[in-house]
Amino acid sequence: MIPEIGHYALILAFVLSVIQGVVPLLGNATGADRVMAVARSAIRAQWLMMAVAFGVLTYAFIANDFSVRYVAANSNTALPLIYRISAVWGAHEGSLLLWAFILTSWALAVSHFSRRIPDRVVARVLSIMGLVGAGFMSFMLFTSNPFARQFPVPAEGRSLNPLLQDPGLAIHPPMLYMGYVGFSVAFAFAIAAMAGGKLDAAWARWARPWTNIAWVFLTFGIALGSWWAYYELGWGGWWFWDPVENASLMPWLVGTALIHSLAVTEKRGAFKAWTLLLAVFAFSLSLLGTFLVRSGVLTSVHAFASDPGRGMFILFFLIAVVGSSLTLFAWRAPKLRSTGRFELTSRETGLLINNVILVVMCVTVLLGTLFPLITEALAMGKYSVGPPFFNAVMVPLSVPLFIVMGFGLLLRWKRDTAQRLMKQSALVLIASLLIAVILPLVWAPSFEPLMALGLLMASWVALTALMWVLRQGKSPFKQPLANWGAMIAHVGMAMTITGITLVSVFNSEKDIRLEPGQSYELAGYEFRFDGVDTVQGPNYVAQRGSIFALLDGREVAEMHPEKRNYGPGQMPMTEAGIDAGLFRDLFVALGEDLGDGAWSLRVYHKPFLRWIWLGAILMGVGGLMAALDKRYRKLAARDALQLNAQVQQA
């Protein structure tokens, strides 16, 4: 009986999403305030129904209710409780339920925290989010019902994919979805602005904090996915240009361009067309990622489903979203005249170049991801586009991007001069060049051009951000939170650049064969193999190795890599043994039993690897600080008063 409650709650949520999507638009058309207010009530009731549905499915997993087909396919009685809970979103149907629940949560947040925004605008925004929610809920109800029953009830279920039985994967999908779905808010504000014909700076100011928060979640989600892939897959890498990784990177790139474009639209009344299109495509690329993961057109360790029918539903939904948005954009194009004029040497120009580069990078990733699918669909043969292509294109694009990141902060709005800019940046440029030349000579046995280039870019980005804050004319502690957020985000990017550069140059790895008591030296560390034991886990049996790392004869680390067997029908999983540090990681993966006590091992020494993820954390913190700047709330309240006064006069 309990699963039926979840099913009926989902149906009611769908009905409420349709009401939320349609009725307030009628109120907008007629000017009836009471009808527009329906959106707020509908979203509260809808969120409650989605919470009930999500809670019921969670309870079904905890209680091992194998009458629910989705539970039986992804859980069993031996699965630890934490993974029974994370299994709720561990496969296709449950992940869609999480997607829809997060969407209603975003809509509820917009409804609650946007009371200073005019009701007409909020009604349009919530209506658009309601229509998006109705699309996904209909997808669930008609093709992917997580509450579908089966009889007779099996005595035991299957098991959650062993790759997903990890704490990182319990957190990673919700964080990623918060970013994906969060861009629906910026999308809704953009469509609402175009639908209302009010294309001034106010809508950008209202959308900006929501966009920043969505970008923060997506940044954290991508970083978590990279971290998980590093320690879980046993390959020792942090980014593989996997198609599903690319699917999350594309909206992040466009979202990064969007948060900068929103700043220009808000402050200067420029880039209106850019900002609207970036808002549309940031969310559209999130939908594309959903299609790629669930359609079966891609092969990936991250993919959820392989049902072409389901994929076609999402594809048509994506086409409808993009098509209707671009049609509306074309209709309103004559009104998209920027009021803010600027010269070639100005901050606006720097941000425009920034946006162009980010969009080109996104298009490059999109083409590289879809090219094998296109050639196969056209019977042109099977092609593989991997890291060599992406690295060869993205690295040259990154260099001008990082240069512009530095100059962009130092440039003035509207008008500047090259002479003043060079005077402002001379000290930073000299310091960056010194760091880029001296450190490779000190650290590397021979001069490494790649290392010098990476350190030059990282130093430039970080030092220009610090100088920008110090030269604002105010005490650093009296500056707006958004200034601190921008500085910290840029320093975070510099930290990530440093990590990528140094781990790429100094990474050491070796596949070896060792018997108990034997050692191997790598990067100054001695790895001693003490043998393998069999251990029993909660729902697996593992071969557990013991490896000790010594430096100058002193033991500095103890690592225990494992090969886990989760039973019949499941691939054995590799759990790496890692000794993590701020300046280096020691990584050992257990290979195959070679007989006579000998095992194959893969050992790595990875300097500064953690800086990649620490930089991502700083970027996210910076974005959050910018979103929480109280200036947004004050200016939004002022805009709302002005707009309400205009409505009353009309």
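This is a predicted model, so every value here is computed, not measured.

Procedures and definitions
Residues numbered from 1 in each chain as written. Predicted model: local features only at pLDDT ≥ 70, side-chain atom pairs only at ≥ 80, totals over all residues. Heavy atoms only, no water. Pairing = 2+ DSSP bridges. Helix = DSSP H or I, 4+ residues; strand = E, 2+ residues; numbered from the N terminus. Axes fitted to C-alpha atoms, helices over the stretch in contact; angles between N-to-C directions. Expected span 1.5 Å × (residues − 1). Buried < 20%, exposed > 50% of the residue type's maximum accessible area, 1.4 Å probe, protein only. Polar contact = N/O pair within 3.5 Å; in protein donor to acceptor, adjacent residues only side chain to side chain. Core = buried A, V, L, I, M, F, W, Y, C linked by side-chain atoms within 4.5 Å. Contact = heavy atoms within 4.5 Å. pLDDT = per-residue confidence, 0-100. Patch = residues over 30% accessible without salt bridge, like charges linked within 9 Å, V, L, I, M, F, W, Y side chains within 5 Å. Areas by Shrake-Rupley, 256 points an atom, 1.4 Å probe, with all protein chains shown as cover. Salt bridge = Lys/Arg side-chain N within 4 Å of Asp/Glu carboxyl O. Left-handed = near helix turned anticlockwise from the far one by under 90°. Nonpolar A, V, L, I, M, F, W, Y, C, P; charged D, E, K, R; others polar. Domains from an automatic or database assignment. Parallel < 35°, antiparallel > 145°, perpendicular 65-115°, else oblique. Phe/Tyr/Trp six-rings, centres within 6.5 Å; stacked < 30°, edge-to-face > 60°. Lys NZ or Arg CZ within 6 Å of the ring centre and 35° of its normal.

J.: Teacher, can you tell me more about the sheet that holds strand β9 (residues 584-595) here?
T.: Two strands in a sheet stick together by hydrogen bonds in their backbones, pointing the same way (parallel) or opposite ways (antiparallel). Pairing in this open sheet of four strands is antiparallel, and the strands run β1-β10-β9-β8 from one edge to the other. Only two strands of the sheet have a single neighbouring strand rather than two, namely β1 (508-514) and β8 (577-579). Pairwise comparison of adjacent strand axes, ignoring direction, gives a mean angle of 20° for this sheet. With seven bridges joining them, β1 and strand β10 (residues 598-607) adopt antiparallel strand pairing. What sits directly across from aspartate 511, in β10, is arginine 602.

J.: Looking at this structure, I do not really get helix α10 (residues 243-268). What am I missing?
T.: Think of an α-helix as turning once every 3.6 residues; residues three or four places apart then point the same way. With 26 residues, α10 ought to run about 38 Å at 1.5 Å a step, and its terminal C-alpha atoms sit 37 Å apart, in line with that. Buried residues dominate α10, accounting for 23 of its 26 residues. The N-capping residue of α10, defined by a side-chain oxygen 2.8 Å from the backbone nitrogen of valine 244, is aspartate 242. Positioned one or two residues after α10, glycine 269 has a phi angle of 70°, which is positive.

J.: What is the right way to read the nonpolar core from this model?
T.: A general tendency of soluble globular proteins is for nonpolar side chains to be buried together. Counting 167 residues, the largest nonpolar core has Leu97, Met129, Phe189, Trp203, Trp252 and Leu253 as the members making the most contacts within it. When sequence neighbours within four positions are dropped, the list of residues in contact with leucine 97 reads Leu10, Met50, Ala53, Phe54, Leu57, Met140, Pro146 and Phe147. Grouped together as the second largest cluster of nonpolar side chains are 16 residues, Leu586, Leu590, Trp599 and Val603 included.

J.: Got a minute to help me understand the confidence of the model for the protein in this structure?
T.: Interpretation of this model should avoid reading the predicted coordinates in detail wherever pLDDT is low. Summing up the model confidence of the protein, the mean pLDDT is 88 and the portion of residues at 70 or higher is 92%. Throughout residues 300-305 the model reports pLDDT below 50, and contacts reaching past four residues in sequence, or to other chains, amount to 27 contacts.

J.: In this structure, what is going on with a nonpolar patch on the surface? I would like to understand it.
T.: Nonpolar side chains collect at one region of the surface, where Ile430, Leu434, Val437, Ile438, Leu441, Val442, Trp443 and Phe447 lie side by side and expose about 780 Å² of accessible area between them. When you line up the elements, tryptophan 443 lands in helix α15 (residues 418-443). Take tryptophan 443: its relative accessible area is 40%, and that puts it in the partly exposed class.

J.: Please clarify how helix α17 (residues 481-506) should be interpreted in this entry.
T.: Here α17 contains 26 residues, and its C-alpha end-to-end distance of 37 Å stays within 8% of the 38 Å for a straight helix at 1.5 Å per residue. For α17, the tally of buried residues reaches 19 of 26 residues, placing the bulk of the element in the interior.

J.: Would you mind going over the packing of α15 against helix α16 (residues 449-470) with me for this structure?
T.: Two elements in contact, α15 and α16, have axes whose closest approach is 8 Å; the angle formed by their N-to-C orientations is 145°. In terms of crossing hand, the pair formed by α15 and α16 is right-handed. For the contact of α15 with α16, a count of residues per class yields 17 nonpolar, five polar and no charged.

J.: Can you walk me through the side chain of histidine 490 in this structure?
T.: As for its placement among the helices and strands, histidine 490 is situated in helix α17. Histidine 490 gets classed as buried once you look at its relative accessible area, which sits at 11%. Those residues within four positions of histidine 490 in sequence are excluded, and the remaining contacts are Met405, Leu409, Val461 and Ala465.

J.: Where do I start with the domain arrangement of the protein in this structure?
T.: Many descriptions give the size of an interface as the accessible area lost when the pieces come together. Along its sequence, the protein is carved into domain 1 (1-160), domain 2 (169-416) and domain 3 (508-607). On a C-alpha basis, the centres of domain 1 and domain 3 stand 43 Å from each other.

J.: Help me understand the environment of glycine 323, please; the structure alone is not making it clear to me.
T.: By secondary structure assignment, the location of glycine 323 is in helix α12 (residues 308-332). On the basis of relative accessibility, which here comes to 31%, the residue glycine 323 falls in the partly exposed class. Considering only alpha carbons, one finds glycine 323 and glycine 623, 300 residues apart in sequence, at a separation of 31 Å.

J.: Would you mind showing me how to read the packing of helix α8 (residues 167-196) against helix α9 (residues 201-232) here?
T.: Direction vectors running N to C along α8 and α9 enclose 155°, while the axes themselves pass 7 Å from each other. Considering their axes alone, α8 and α9 lie roughly antiparallel with respect to each other. For α8 against α9, the interelement crossing comes out left-handed. Within the contact of α8 with α9, the residues separate by chemical class into 26 nonpolar, seven polar and no charged.

J.: What is the right way to look at the packing of aromatic side chains in this model?
T.: For any pair of aromatic rings, the description consists of the separation of the ring centres together with the inter-plane angle of the planes. All chains considered together, the criterion is met by 25 aromatic pairs. An angle of 15° between the planes, with centres 3.9 Å apart, marks the rings of tryptophan 99 and phenylalanine 136 as stacked. Linking tryptophan 99 in helix α6 (residues 92-113) with phenylalanine 136 in helix α7 (residues 119-143), this pair joins segments that are 37 residues apart in sequence. Take tryptophan 99: its relative accessible area is 0%, and that puts it in the buried class. Judged by relative accessible area, phenylalanine 136 falls into the buried class, the value being 3%. Through a chain of ring-to-ring contacts, three or more aromatic side chains come together here, namely Trp47, Phe54, Trp89 and Phe101. Cation over ring: arginine 332 sits above tryptophan 331, and NZ or CZ is 4.0 Å from the ring centre.

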